[in-house]
Each structure stands twice: as C-alpha cells, then as structure tokens.
Amino acid sequence: MIESIRARQILDSRGNPTVECEIRTKKGIARASVPSGASTGSFEALELRDNEKAFRGKGVLKAVENINKVIAPKLVGKDPTKQRELDGIMLKLDNSPNKSKLGANAIVAVSLALARAGSLLKEKQLFEYLAELSEAKEMFLPVPQMNVLNGGKHAGLKNDIQEHMIMPIKFESYSEALQAGCEIYYILKDMLKQKFGARATLLADEGGFVPPIENVSERLELIDKAIEEAGYKGRVYMALDSAASEFFYENTYVLGEEELNSGQMIDFYKGLVESFPIFSIEDGLAEEDWQGWQELTSKLGSKVQIVGDDLLVTNVERIRKAIELKACNALLLKVNQIGTLSEAIDAAKLAFQNNWQVVVSHRSGETCDPFIASLVVGIGAKQCKFGAPARSERNAKYNQLLRIEEILKEQGKARYAGKFL
Ligand code: PGA
Ligand code: ZN
C-alpha cells in the first residue's frame, strides 16, 4: 500500500530543474526522477515548466505541486503493483491530449516510482518486475549505441547531424562489449588531442567529443580509425542519430552549407552506408516528412535499421501509422515522450509484434537514475542508447547493466543481444 507520495525539484545533468518523486510503502522509499530532451519532438507529451523568473523559466515547481496536491491524494492508500490502473488514474486526472494539465514530467516521475515501489513490495529486482509487467517473452543484455562524437544542439551547433555512435555488436557478453566501447572512446580521445589539441576532447551533453570537423564522412572516418586501432574492426558497427527535424526548414534540409531535399538526404545516407559499417540511422528525416521516411525505408531499410524517435515519440498512434506506411523499422523508446510506463510498454509491444527493433533511450538531460537500464532488459529490447561511456548520469545506466548481467549470469540466463540482432 502507498503510505505517502512526495515530489521535489532537483537538478539534471545540464543544471536545469527536474522532478523527483518518492513513494513510501512498508518496504521503504522508492525514488525516481525525470530526464529532459533538448532536440524534443513536437509531438511529445508536454514537459511542464514554470516559465517564471527562477531558473530562467525552467523551474518545475508547478509539476511538483501537481504531484503533491493533485496526484498524491488520489493514489495514497492504493496498491502500487497495480501499475496500469494507477497510470490510468493519472491519465484521467490529466485528461488532456498531451499531458499538459499535470505535466508529463509530473506523471512520469510518479509512474516510474510506482514501478520501483511495486518491485520492492514484490521483493523482485526492478528488471524482473518490469518483465512481469510487460509480459516480455525473452530477456537480453542490450547492445549499446554509444554516442562518441556529439554534434547539433547537444554540442551548441546548428544544421548538423547530432549523434555519431558506435555499436559493439559481435561480442560474447555485455561487459566485453562495454569494454570495447570504452577502449575505442579512449583512442578517439588520444587521436583528437593529437590532431586538434586538448580542447577538442571536452565533452558535450551526452558525453561525446566535439572535434572541429564539420563533414560527417570525416567524423565517421575518425571513428572507423579508432575502432581499427583498438583492434575491433568488424566487431563494432556505427550508428547515426541525425535529429533531422532540427535542420528541416520548409521542405528543405540544411546541413552545413548544403540545402537538400528528402531524396538528396536519402542519397547522402546511401553514400555513408556504402562507405562505413553503419547499422542504424535514427531520425534521418524530419518528424513530418512521412513520404521521405517511406522512401528512406524502402531504399535502405533492408540493409540498415531505420529508427523513429521524433517521428514516433513513443506514441502508439504514430507507431501504428508508421507500421502502415512502412516508414521505419525500429522504435526509439523514451518514457517521458509519452508520459506513463504503461503507455511506453504498449508502444514497445506494438513494435515487437511488428518485428521492429526497440531501442530504449536516455535524454540529453539526465539524472543518475538508472531506471532505463532495468527497463531495456525488462521489456526484452535488444538495444539501448545511453550516450558515451562518460559522465555519471550516462554511466549510471551502463553500470546498472553490469549489475543485471551479474544477476542473470548467476541464473544462467545472461544472453548478449549482439548475436540476436
Ligand atoms: P534529446 O536527444 O534527449 O535532446 O531529445 C536525444 C535523441 O535525440 O535521441
Ligand atoms: Zn533522436
């Protein structure tokens, strides 16, 4: 039974306020906090900000008050293991199409803390509890997409590809894959320092470097060299998140000095895929360019994973549309894009039913809450995207996966997803 619910304003990795919620039961306190995007999709659920002087408008005291004064009185006394029912109560209380009344940040904080409280009451590991909630059929240690070179909004740049990632796929275990990712990251750092000086090794929002290289092929060449030098050629692949809605202006994509239409963007990706071992392209086109997405998927989808982030915003309606239109073949899952854990689980289920891949993702603004590490394993997804192996808000997740791997190993159930992609 829920004895009390209490929320507060804390800081995220960018120093912006965010919401933390605590739920007390006889098993103690279950705590969860909320991440925040920078390149947010326009169809995401609303992140409620105070828009007052404090924190330059970014305060979340209204969302906090909505938990303490509106949500808590309705949930105290209830059984936190009834996740779907309690998420439903919050949805009804909000009763807006995009969670704008209570704020998705308020609702997510409670929804995640409920799952933690439920796992404590049932004396289960969070990932095991989430596997029960989501009725997952299988469990894997996920392949990480590690964002080693940052660009775009996360690096203070405009009209640029946002994320250049490595995917250590061909490994026997998660811990070996993680180690390979780290070793490549160190080599990349050495290479950048040698070529551009130490300033090029400062870190952007998701822990990746921001070298003064504007050309995407040159960035990927550098990553390719680092993979080779680390001794992992052929075992580590690459992935991109373009976050293309950020550089889409009235039917034109502006990449650096170049102006491209959808077809030219697709040709650009085709060229990259022919030159580099690219496994996955996320938000290669803008969130409303459905036709472009269809063409991208029909041209490259059999070779490359085509991931919808801003396109889908973890929303079953948009996922359904994308399935019908064959607009992509993988879902990027971010719980705070939709607002409740139950809805995020529904999104994952719909994706799995249609043989899509699901990539559980962090946001560019994070806290050290490792919830999504348990989530990716619990729902049976095979990939996660948690940033570079640097900065503790990113490594909190990678480290939690190491703990989960240990537990699953002891049970003889540790399977690295690399072989199953
Ligand atoms: P965001 O970026 O958290 O700033 O939206 C992450 C992503 O685009 O995947
Ligand atoms: Zn994205």
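In this text, all values refer to a predicted model and were calculated from it rather than measured experimentally.

## Some words on the site of ligand 1
Taken together, 15 residues form the shell around ligand 1, and within it Ala 38, His 154, Arg 363, Ser 364 and Lys 385 come nearest. Within the side chain of Asp 241, an N or O atom sits 3.1 Å from an oxygen atom of ligand 1. At a separation of 3.1 Å, an oxygen atom of ligand 1 approaches a polar side-chain atom of Asp 309. Expressed as a share of its isolated accessible area of 280 Å², the protein-covered part of ligand 1 is 100%. If you count residues domain by domain, the shell around ligand 1 takes at least three from each of domain 1 (4-123) and domain 2 (143-420).

## Regarding helix H7 (residues 262-275)
Counted at 1.5 Å a residue, the expected span for H7 with its 14 residues is 20 Å, and the 20 Å between its end C-alpha atoms agrees. The set of residues buried in H7 consists of Ser 262, Met 265, Ile 266, Tyr 269, Leu 272 and Val 273. Relative to the axis of H7, the buried residues are bounded by an arc of 120° and lie together on one face. Exposed residues lying more than 90 degrees from the buried face of H7 are Glu 274 and Ser 275. The elements touched by buried residues of H7 are helix H6 (216-229), strand S6 (236-241), strand S8 (252-255), strand S9 (258-260), strand S10 (278-282) and helix H8 (290-300). One side-chain oxygen of the residue at the start of H7 lies 3.2 Å from the amide nitrogen of Gly 263, identifying that residue as Asn 261.

## Details of the coordination of the zinc ion (ligand 2)
The zinc ion (ligand 2) binds to the protein through Asp 241 (OD), Glu 282 (OE) and Asp 309 (OD), with metal-donor distances spanning 2.0 to 2.2 Å. Sequence spacing among the residues donating to the zinc ion (ligand 2) works out to D-x40-E-x26-D. Placement of Glu 282 in strand S10 and of Asp 309 in the loop between strand S11 (305-308) and helix H9 (316-325) is noted, with a sequence separation of 27 residues between them.

## Comments concerning the domain arrangement of the protein chain
Split into domains, the protein chain comes out as domain 1 (4-123) and domain 2 (143-420). Taking the mean C-alpha position of each, domain 1 and domain 2 sit 26 Å from one another. Every contact between the two is made by 33 residues of domain 1 and, on the other side, 33 residues of domain 2. Of the roughly 2600 Å² buried between domain 1 and domain 2, counting both surfaces, carbon and sulfur atoms make up 50%.

Procedures and definitions
- Residues numbered from 1 in each chain as written.
- Chains lettered and ligands numbered in written order.
- Predicted model: local features only at pLDDT ≥ 70, side-chain atom pairs only at ≥ 80, totals over all residues.
- Heavy atoms only, no water.
- Near = heavy atom within 4 Å.
- Polar contact = N/O pair within 3.5 Å; in protein donor to acceptor, adjacent residues only side chain to side chain.
- Areas by Shrake-Rupley, 256 points an atom, 1.4 Å probe, with all protein chains shown as cover.
- Domains from an automatic or database assignment.
- Helix = DSSP H or I, 4+ residues; strand = E, 2+ residues; numbered from the N terminus.
- Expected span 1.5 Å × (residues − 1).
- Buried < 20%, exposed > 50% of the residue type's maximum accessible area, 1.4 Å probe, protein only.
- Arc of directions from axis to C-beta.
- Contact = heavy atoms within 4.5 Å.
- Donors = N, O, S within 2.8 Å, 3.2 Å for Na, K, Ca; no water.
- Buried area = accessible area lost by both parts, 1.4 Å probe.

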